[in-house]
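Single-letter residue listing:
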Amino acid sequence: MVHPATQGKDSLHDKARRIKAILIGSAGNLVEWYDFYAYSAFALYFSKSFFPNEDPVAELLATASIFALGFFMRPIGGWLFGYIGDNLGRRRALMLSVLLMCFGSLIIALTPTYATIGVFAPVMLLVARLLQGLSLGGEYGSSATYLSEMATSSERGFYSSFQYVTLIGGQLTALVVLLVLQNLLLTGEELRAWGWRIPFFIGAGLALFTLVMRRNLQETEAFEKAKQKKTSRTGTLRGLMQHPREVAIVFGLTAGGTLAFYVYTTYMQKFLKLSAGLTDAQTTWVSAGTLIFAMCLQPIYGALSDRVGRRPLLIGFGVLGTLCTVPLLTAIQHASGPWMAFLLIAGAWLIVSGYTSINAVVKAELFPAAIRASGVGLPYAVAVSLFGGTAEYIALWFKSIGHESWFYWYATGVIACSLLVYLFMPDTKHASRIDAEAKAHQN
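It should be emphasised that the depicted structure is a prediction, and the values quoted were computed from it without experimental measurement. (Residues numbered from 1 in each chain as written. Predicted model: local features only at pLDDT ≥ 70, side-chain atom pairs only at ≥ 80, totals over all residues. Heavy atoms only, no water.)

A.B. asks: I keep staring at the overall build of the protein and nothing clicks. Help me out?
C.D. replies: Tallying secondary structure elements over the protein gives 23 helices and zero strands in all. The buried share of the protein, reckoned over its 443 residues, is 60%. Taking contacts inside the protein between residues at least 6 apart in sequence as the whole, the part at least 24 apart equals 88%. In the structure as shown, the protein presents an accessible area of about 16600 Å², 69% of it carried by carbon and sulfur atoms. (Helix = DSSP H or I, 4+ residues; strand = E, 2+ residues; numbered from the N terminus. Buried < 20%, exposed > 50% of the residue type's maximum accessible area, 1.4 Å probe, protein only. Contact = heavy atoms within 4.5 Å. Areas by Shrake-Rupley, 256 points an atom, 1.4 Å probe, with all protein chains shown as cover.)

So, in structure tokens, the structure goes:
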């Protein structure tokens, strides 16, 4: 039997089986990211319930700090679920991660407000976010590994790009729920009083549905082959220490890309309201529109990487991100209306998609199957915690001290550092560990 990684074309049956597995894996990814980003999408409505303050910037700053703290659980999740994925299977790691996300969403949905239980309200919110951060730290490495191993070599960039299609789709779904509640079902007062709980109940229900779907998920052949070759179980950290260069590459290539991603997703909603002066409804519509645009770009860029390689896209993002971040954010801040803001953010996504569309497959192609989930998940989670999870907090902090533009330069500097990694790293399309292992299994 020809291994899928080296197979040029699938039979119709194999292709249908592969697409089904990728869709199920991607659907779970969407639900996890919906649950995680519902917090950000509805923060404007529930921040006062947990952090009563007369200053709206201070309220959002406190809410953003909880958001950032959730990210610091992601390295633990990357380690824990990486170990599970590499030793017990990608499918099992994906099932456990979505179950944990369900618990986090339920806690947020059921937690009483500050007015009812005092300081225990933000404490419960923090506990929920820590659980969700742990879950999401495991989801990324597990799903990136699964999608990359299930795809054929010639289409791996295209199929793996659906991780960010569903990742962005999760955020978009949260915004769609917000739009429906804002415009069709509830008033602003009702949303602030109790309506913000609805999306978290929805997320918990979707997570349970996804858990059922993932029970029948097919395990990857790459994991099965690696499992047969193992004579003992090597600890995750010990295994990763044997690949220091690859770990450093993952951390370095992630730093600038993840910061840019969170600037134009989670922080942009607050930026449009507090700095560009758009209304709540305008902010939501612009955010939703640009996310749809970004979703459409991911498979296009992923397919392009299957033709020209991964490295040219990363370098393109690094160069344009370094040159254009300050002008773009300055222009968005002074945008004359929602349409101008939309066009500027769409322009930013033309740049950022050079990273988002292929970063998962690049990381998966760097590591051998025995530690692939750990190698993808742990260094990525550390970089995201340091640069992605703190992006919103740092931006709001700069704004609170009257130097908002300093954040633009901070983002530029981090992207420039990642550009150095892109310039000197190998092009994993032509040096893929997944392909090398598949050929070795054939011989």
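Next, the rest of the story.
A.B. asks: What is the right way to read the pattern of salt bridges from this model?
C.D. replies: If charged atoms from side chains of opposite charge come close, those side chains can pair. Applying the stated rule across the entire model yields eight salt bridges. Between Lys399 and Glu404 there is a salt bridge, and its shortest N-O distance comes to 3.8 Å. By relative accessible area, which is 9% here, Glu404 ends up buried. The network of salt bridges with common partners includes Arg156, Asp306, Arg310 and Glu365. (Salt bridge = Lys/Arg side-chain N within 4 Å of Asp/Glu carboxyl O.)

A.B. asks: What is the right way to read helix α17 (residues 311-333) from this model?
C.D. replies: Three- or four-residue spacings in an α-helix give side chains the same orientation, since the helix completes a turn every 3.6 residues. Between the first and last C-alpha of α17 there are 32 Å, a value that for 23 residues agrees with the 33 Å anticipated at 1.5 Å per step. Here the buried face of α17 lies against α14 (244-263), α15 (266-274), α16 (280-308), α18 (338-356), α19 (359-366) and α22 (405-424). (Expected span 1.5 Å × (residues − 1).)

A.B. asks: I would appreciate a short explanation of the packing of α14 against α18 in the present structure.
C.D. replies: Packed helices, taken two at a time, are described by the angle between their axes plus the distance between the axes. Remark: α14 packs on α18, axes separated minimally by 9 Å, with the N-to-C direction vectors making an angle of 140°. The orientation of α14 relative to α18 falls into the category oblique. Seen from above, α14 lies across α18 with left-handed handedness. Of the residues in α18, those in contact with Leu253, Thr254, Gly257, Thr258, Ala260 and Phe261 of α14 are Trp349, Val352, Tyr355 and Thr356. (Axes fitted to C-alpha atoms, helices over the stretch in contact; angles between N-to-C directions. Parallel < 35°, antiparallel > 145°, perpendicular 65-115°, else oblique. Left-handed = near helix turned anticlockwise from the far one by under 90°.)

A.B. asks: Just checking my understanding: could you explain the nonpolar core for this structure?
C.D. replies: The tendency in soluble globular proteins is for nonpolar side chains to be buried as a group. In this structure, Phe42, Tyr264 and Trp349 are the most contacted members of the largest nonpolar core, which totals 104 residues. Ranked by residue count, the leading element in this core is helix α9 (residues 162-185), at ten residues. If sequence neighbours within four positions are ignored, Trp349 has contacts with Ile168, Phe261, Tyr264, Thr265, Thr290, Leu291, Phe293, Ala294, Leu297, Gln298 and Thr356. Within the second largest apolar cluster, ten residues are counted, among which are Ile22, Tyr146, Ala151 and Tyr159. (Core = buried A, V, L, I, M, F, W, Y, C linked by side-chain atoms within 4.5 Å.)

A.B. asks: Please clarify how the environment of Leu88 should be interpreted in this entry.
C.D. replies: Looking at the secondary structure, you find Leu88 in the loop between α4 (74-87) and α5 (90-110). Considered as a pair, Leu88 and Phe223 are 135 residues apart in the sequence and their alpha carbons are 9.2 Å apart.

A.B. asks: What should I look at first to understand the environment of Met295 in this one?
C.D. replies: Position of Met295 relative to the elements: it lies in helix α16. Distance from Met295 to Gly169, taken between C-alpha atoms, is 7.0 Å for residues 126 residues apart in sequence. Once residues lying within four places of it in the same chain are set aside, the contact partners of Met295 are Val165, Ile168, Gly169 and Leu172.

A.B. asks: In this structure, what is going on with the side chain of Arg310? I would like to understand it.
C.D. replies: Inspection of the secondary structure assignment puts Arg310 in the loop between α16 and α17. Separated by 2.9 Å, the side chains of Arg310 and Ser305 make a polar contact. Dropping the residues within four chain positions of it, Arg310 is found in contact with Arg156, Gly157, Ser305, Ile358, Val361, Val362, Glu365, Asp427, Thr428 and Lys429. (Polar contact = N/O pair within 3.5 Å; in protein donor to acceptor, adjacent residues only side chain to side chain.)

A.B. asks: What is the right way to read the side chain of Asp306 from this model?
C.D. replies: Mapped onto the fold, Asp306 is located in helix α16. According to the relative accessible area criterion, Asp306 is buried, its value standing at 11%. What Asp306 contacts, discounting residues up to four positions off in sequence, is Ser153, Ser154, Glu155, Arg156, Gly157, Phe158 and Lys429.

A.B. asks: Just to check I follow, could you spell out the packing of α5 against helix α11 (residues 198-214) for this structure?
C.D. replies: At a minimum axis separation of 8 Å, α5 and α11 run at an interaxial angle of 160°. Here α5 is positioned roughly antiparallel relative to α11, judged by the angle of their axes. Here α5 runs over α11; the crossing is left-handed. In contact with Arg91, Leu94, Met95, Ser97, Val98, Leu99, Cys102, Ser105, Leu106, Ile108, Ala109 and Leu110 of α5, α11 contributes Phe200, Phe201, Ala204, Ala207, Leu208, Thr210, Leu211 and Arg214. Its residues assigned to classes, the contact of α5 with α11 comprises 15 nonpolar, three polar and two charged. (Nonpolar A, V, L, I, M, F, W, Y, C, P; charged D, E, K, R; others polar.)

A.B. asks: Can you walk me through the packing of aromatic side chains in this structure?
C.D. replies: When we look at a pair of aromatic rings, we describe it by the centre distance and by the angle of the planes. According to the stated counting rule, one finds 17 aromatic pairs in the structure shown. Ring centres of Phe261 and Trp349 lie 6.0 Å apart, and the angle between their planes is 80°; this geometry places the pair in the edge-to-face category. Note that Phe261 is positioned in helix α14 and Trp349 in helix α18, a separation of 88 residues in sequence. Every member of this aromatic cluster is reached through a ring pair, and the members are Tyr267, Phe271, Phe407, Tyr408 and Tyr410. (Phe/Tyr/Trp six-rings, centres within 6.5 Å; stacked < 30°, edge-to-face > 60°.)

A.B. asks: Quick question: what am I supposed to make of a nonpolar patch on the surface here?
C.D. replies: Among the surface-exposed residues, Tyr114, Val119, Phe120, Val123 and Val127 lie close enough to one another that they form a single nonpolar patch of about 450 Å² accessible area. For the nonpolar patch, the element with the highest residue contribution is helix α7 (residues 120-150), accounting for three residues. When you line up the elements, Tyr114 lands in helix α6 (residues 114-117). The partly exposed category is assigned to Tyr114, whose relative accessible area is 37%. (Patch = residues over 30% accessible without salt bridge, like charges linked within 9 Å, V, L, I, M, F, W, Y side chains within 5 Å.)

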